[in-house]
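Residue strings, one per chain:
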Amino acid sequence: RECHARMRAWRLRGLAHLGEDVTCWGPVTLLCREKIRLGSRVSIAGYLHVWGQGGVEVGNDVMIASHVAISSVTHDPAA
């Protein structure tokens, strides 16, 4: 468990917000980490890609499957 906690901290370093009990398995690509917020009890499978330039917020109790891409670069949530 201690090893997993160190890997989690390394993979998810620099986020705008990191909730409690977040698990992250495998490689992830997170661009503009300072604009990405993860809630509590989030589980992330490997090969996640997040382009966070426009801001990304993942709420509590969310599971993200492997090979998912999340982008806020070209999507205006106000539109």
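Residues numbered from 1 in each chain as written. Predicted model: local features only at pLDDT ≥ 70, side-chain atom pairs only at ≥ 80, totals over all residues. Heavy atoms only, no water.

Peer 1: I would appreciate a short explanation of the overall build of the chain in the present structure.
Peer 2: The helix and strand tally for the chain stands at one helix and nine strands. Going from the N terminus to the C terminus, the chain shows its helices and strands as α-β-β-β-β-β-β-β-β-β. Here the chain holds 79 residues, and the buried ones make up 32% of them. Intrachain contacts of the chain at a sequence separation of at least 6 include 2% that bridge at least 24 residues. Roughly 5100 Å² of accessible area belongs to the chain as shown, and the carbon and sulfur atoms make up 56% of that amount. (Helix = DSSP H or I, 4+ residues; strand = E, 2+ residues; numbered from the N terminus. Buried < 20%, exposed > 50% of the residue type's maximum accessible area, 1.4 Å probe, protein only. Contact = heavy atoms within 4.5 Å. Areas by Shrake-Rupley, 256 points an atom, 1.4 Å probe, with all protein chains shown as cover.)

Peer 1: It is not clear to me how the sheet that holds strand β9 (residues 69-71) should be interpreted in this structure. Could you clarify?
Peer 2: Hydrogen bonds between backbone groups are what pair the strands of a sheet, and the pairing can be parallel or antiparallel. Across the sheet, which stays open at both edges, the three strands sit in the order β3-β6-β9 with parallel pairing between neighbours. Each edge of the open sheet is held by one strand with a lone partner, namely β3 (28-31) and β9. Neighbour to neighbour, the strand axes of the sheet diverge by 5° on average, direction disregarded. (Pairing = 2+ DSSP bridges. Axes fitted to C-alpha atoms, helices over the stretch in contact; angles between N-to-C directions.)

Peer 1: Just to check I follow, could you spell out the side chain of Arg11 for this structure?
Peer 2: Within the secondary structure, Arg11 is located in helix α1 (residues 2-11). Among buried charged residues, Arg11 stands out as having no salt bridge; its nearest opposite-charge side chain is Asp21, 13 Å away. A distance of 2.8 Å separates a polar side-chain atom of Arg11 from the backbone oxygen of Cys24. If we skip the residues at most four places from it in the chain, Arg11 touches Cys24, Trp25, Gly26, Val28, Leu30 and Arg33. (Lys, Arg positive; Asp, Glu negative; His and termini not counted. Salt bridge = Lys/Arg side-chain N within 4 Å of Asp/Glu carboxyl O. Polar contact = N/O pair within 3.5 Å; in protein donor to acceptor, adjacent residues only side chain to side chain.)

Peer 1: Please clarify how empty space enclosed by the protein should be interpreted in this entry.
Peer 2: It is the rolling of a water-molecule-sized probe over the atoms that shows where space remains empty. By the definition in use, this model includes one cavity of 30 Å³ or more. For the lining of the largest cavity, the elements supplying multiple residues, two or more each, are β4 (36-38), β6 (48-51) and β7 (56-58). The residue inventory of the lining of the largest cavity, partitioned by class, reads eleven nonpolar, no polar and no charged. (1 Å grid on protein atoms, 1.4 Å probe; cavity = no way out; pocket = protein on both sides within 12 Å on 5 of 7 lines; lining within 4 Å. Points joined across faces, edges and corners; volume = space filled by probe spheres on them. Nonpolar A, V, L, I, M, F, W, Y, C, P; charged D, E, K, R; others polar.)

Peer 1: Would you take a moment to explain the side chain of Arg33 for this structure?
Peer 2: Residue position: Arg33 is located in the loop between β3 and β4. For the buried residue Arg33, which engages in no salt bridge, the nearest side chain bearing the opposite charge is Glu34, 7.5 Å off. Reaching out from Arg33, the side chain makes a polar contact with the backbone oxygen of Leu30 at a distance of 3.5 Å. Every residue in contact with Arg33, bar those within four places of it in the chain, is listed here: Arg11, Leu12, Arg13, Gly14, Leu15 and Ala16.

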